[in-house]
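# Notes for the structure review
Listed below, chain by chain, are the residues.
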Protein chains: 2
Amino acid sequence: MKRQRYCVIMCGGAGTRFWPFSREARPKQFIDFFGTGQTLLQMTVERVRRLVPEENLIILTNEQYADTVREQIPGISPEHILLEPTRRDTAPAVLWAAHHIASRNADASFVALPADHVILKESAFHDALRTGFEFVEEGDSLLALGVPAKMPNTSYSYIQKGDDVEWNCHISRIKTIAEKPGKGMADIFVKSGEFLWNAGIYLGKATTVINAFNRDVPDMASRFDVEPDYYHGEKENDFIADIYPKTSSLPVEYAIMDRANNAFVLEADLGWSDLSTWNALHSLSPKNKDGNVTQNCRSILYDCKDCIVAAEGEKVVVAAGLKDYIVADTDTALLICPIDAEQRIRNIVNDIRERYGNNFT
Amino acid sequence: MKRQRYCVIMCGGAGTRFWPFSREARPKQFIDFFGTGQTLLQMTVERVRRLVPEENLIILTNEQYADTVREQIPGISPEHILLEPTRRDTAPAVLWAAHHIASRNADASFVALPADHVILKESAFHDALRTGFEFVEEGDSLLALGVPAKMPNTSYSYIQKGDDVEWNCHISRIKTIAEKPGKGMADIFVKSGEFLWNAGIYLGKATTVINAFNRDVPDMASRFDVEPDYYHGEKENDFIADIYPKTSSLPVEYAIMDRANNAFVLEADLGWSDLSTWNALHSLSPKNKDGNVTQNCRSILYDCKDCIVAAEGEKVVVAAGLKDYIVADTDTALLICPIDAEQRIRNIVNDIRERYGNNFT
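Being a predicted model, the structure only gives us computed values, none of them experimental.

Moving on, we come to the interface of chain B and chain A. Contacts between the two partners involve 34 residues from chain B and, on the opposite side, 34 residues from chain A. Contact with chain A buries surface across chain B, with Val318, Leu334 and Ile336 of chain B losing the most and accounting together for 21% of the total. Our count for the contact surface shared by chain B and chain A stands at 2 salt bridges. In this structure, the salt-bridge partner of Lys315 of chain B is Asp329 of chain A, at a minimum N-O distance of 2.6 Å. Our enumeration of links across chain B and chain A arrives at 24 residue pairs in polar contact (both at pLDDT 80 or more). Elements with a minimum of two residues in the side of chain B that touches chain A: β13 (298–302), β15 (316–320), β16 (325–329), β17 (333–338) and α11 (345–356) of chain B. A breakdown of the residues in the side of chain B that touches chain A according to their chemical character gives 21 nonpolar, 5 polar and 8 charged.

Below, the structure is given as structure tokens:
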């Protein structure tokens, strides 16, 4: 475990696609989706603890979730939680983290990764990150992790591999990054064999990252370009509270990874899913002989097939005659809808807000 | 309001057909099914208050529900609640009530009726009961209320009309009573025009009822045949606790109404339903343009037709793509099943008991 290696877990997102389980006030990273007793954030923290020393673990979240993070990761020191005053996507978050880390250790490298993904192959993940750290520490490169694209998923971002690198046969230059392609394009991507799913996991030395921002997003970069003492204690809070709201909202893959000529991708089969939909959860979860997945609940299903049934608490759920359905039940909301209608959940959530206010979303 | 008229509301039943709303511990008579703010029992009490003086209103229930009755009918005096120590169907209940009433007023007549039915035509109900009371008070007759049979329902009991009575063109002798006929037989019943649905509402003078039991069910009758002071206070409690468990379990229509040669039926269109199934509730309830009924809850239904959606509390229910479904949600259980599978609810409840114990039923 190298002392100059840091990990930044990003968990400030607020998705609604798992409504009613995920809420504005409790997005999916804070939920125990698989009924294992651990939330996605807790699993992510556990996963990276073998790679970086405890004191180099940083959790970056929206200030709205500060209490939730402290609750779920007890014992974490307050100075290891960076709280965004406003939502500005991943680019400002990664840039802030780079400065924060560089101000503590000029030689540091770090990995930034989302808290709400699933990684089933933990050793492959550890191997990939160790390889990735060695790679970025040796030169002056940015590295993304890419996962073999197994199907033409249209909700993912794709990384096109360019020339291979001599250093490691699994590392290539990034040719381009394409966000959420249409169905036809996604088919072409997968068939070409040149495209990987973008796992949203990025590595680099802190200084390399800062340099990339200086070069490609100078407006944003200049706001963060202050003396190192601005990245400590109260001064950091005040400084961020001042500049963060003025910063553009931009994802890190567009800000630097897609533009930098020193951006690479490491291909690794991580058993990865961004777990962005009920369908994804269904395909990752153990099923009974009828293809039904039941999460966290007592249930009796009669003549049901390929359903996902999730309920909070001690509830009994009885369903009959459902095929390819989501049944998701919480204290305050119940959703019963076809799995393939899950793209509509965002609209459903808007309808609910309009009709019944914000209490249910 | 004649002082010798009494009303006995029977509310000791424990059905499971409305599970998860109805439970062993809270059967349907204690539920506000239509979201009107009143339970079926409360509606029944309100309906009969115009017919009998307050002090002649008796509620007969299982001792398990004593607290619920006191809660739902606040101000009712304890001596107006008769508590069955065990379940013995309606015959012993009606016989006990007859003795209890006769011991207070030798000239009394009474109506015995279930607490868990729906009557939409309140004035017709009041008119029928007034006519009924006059009829039974004039002679020595038992009277049932029968409702024009509008469809061949196979879960009802039917009363076949015999000869008309001169006294009132709507009153006939009872020829026979048939319980839950098969589909073919029910069709014949309805087409014949001779059969009425048995509303489970019976009238008679207390002495007439006691005499009928003496004649037709002497074993049962002899147990109850004691001095009037046995039907007061502590002595009544002790006496009933002793004899009730030894009594046969029998419905009143078999014990006396189907056998007595002084049994009559008054035909009245009461807008009646025994509300024994979700389907019955669906057909009685106001529907939106898609035929959906929503009970007591905030809901958004997309592409749903002819469904019934009921939820407890402040919950939001979102459903998509359901046709002819029941969605019934309580704190501890959720049921999603086709309306035509409702006959299976009894089996479902048994399955749940077997798998998860009695807490959910």
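Now that the structure has been shown, the text picks up again.
Quick look at empty space enclosed by the protein now. Residue and element names in this part refer to chain A. Enumeration over the complete set of coordinates arrives at 5 cavities of 30 Å³ or more. The volume enclosed by the largest cavity comes to roughly 70 Å³. Lining the largest cavity are Val94, Phe110, Ala112, Leu142, Tyr202, Leu203, Gly204, Val209, Val252, Ile256 and Met257. Contributing elements (two or more residues each) for the lining of the largest cavity: β4 (109–114), β9 (195–205) and α9 (252–257). Residue composition of the lining of the largest cavity, by class: 10 nonpolar, 1 polar and no charged.

Residues and elements named next belong to chain A. Going from Trp19 to Pro20, the amide bond is cis rather than trans, its omega being 5°. Secondary-structure assignment places Pro20 in the loop between β1 (5–10) and α1 (40–48). Phi at Asp324 takes a positive value of approximately 55°, unusual for a residue other than glycine. Among the secondary structure elements, Asp324 is positioned in the loop between β15 (316–320) and β16 (325–329).

Geometry of a packed helix pair, given as the angle between the helix axes and the separation of the axes. Residue and element names in this part refer to chain B. Between helix α3 (residues 90–102) and helix α6 (residues 206–216), the shortest axis-to-axis distance is 9 Å and the interhelical angle comes to 135°. Put simply, α3 runs oblique to α6. For the crossing formed where α3 meets α6, the hand is left-handed. Side by side, α3 and α6 meet where Ala91, Val94, Leu95, Ala98, His99, Ile101 and Ala102 of the first sit next to Ala206, Val209, Ile210 and Phe213 of the second. Of the residues assigned to the contact of α3 with α6, the class counts are 10 nonpolar, 1 polar and no charged.

Definitions and cut-offs
Residues numbered from 1 in each chain as written. Chains lettered and ligands numbered in written order. Predicted model: local features only at pLDDT ≥ 70, side-chain atom pairs only at ≥ 80, totals over all residues. Heavy atoms only, no water. Contact = heavy atoms within 4.5 Å. Buried area = accessible area lost by both parts, 1.4 Å probe. Salt bridge = Lys/Arg side-chain N within 4 Å of Asp/Glu carboxyl O. Polar contact = N/O pair within 3.5 Å; in protein donor to acceptor, adjacent residues only side chain to side chain. Helix = DSSP H or I, 4+ residues; strand = E, 2+ residues; numbered from the N terminus. Nonpolar A, V, L, I, M, F, W, Y, C, P; charged D, E, K, R; others polar. 1 Å grid on protein atoms, 1.4 Å probe; cavity = no way out; pocket = protein on both sides within 12 Å on 5 of 7 lines; lining within 4 Å. Points joined across faces, edges and corners; volume = space filled by probe spheres on them. Axes fitted to C-alpha atoms, helices over the stretch in contact; angles between N-to-C directions. Parallel < 35°, antiparallel > 145°, perpendicular 65-115°, else oblique. Left-handed = near helix turned anticlockwise from the far one by under 90°.

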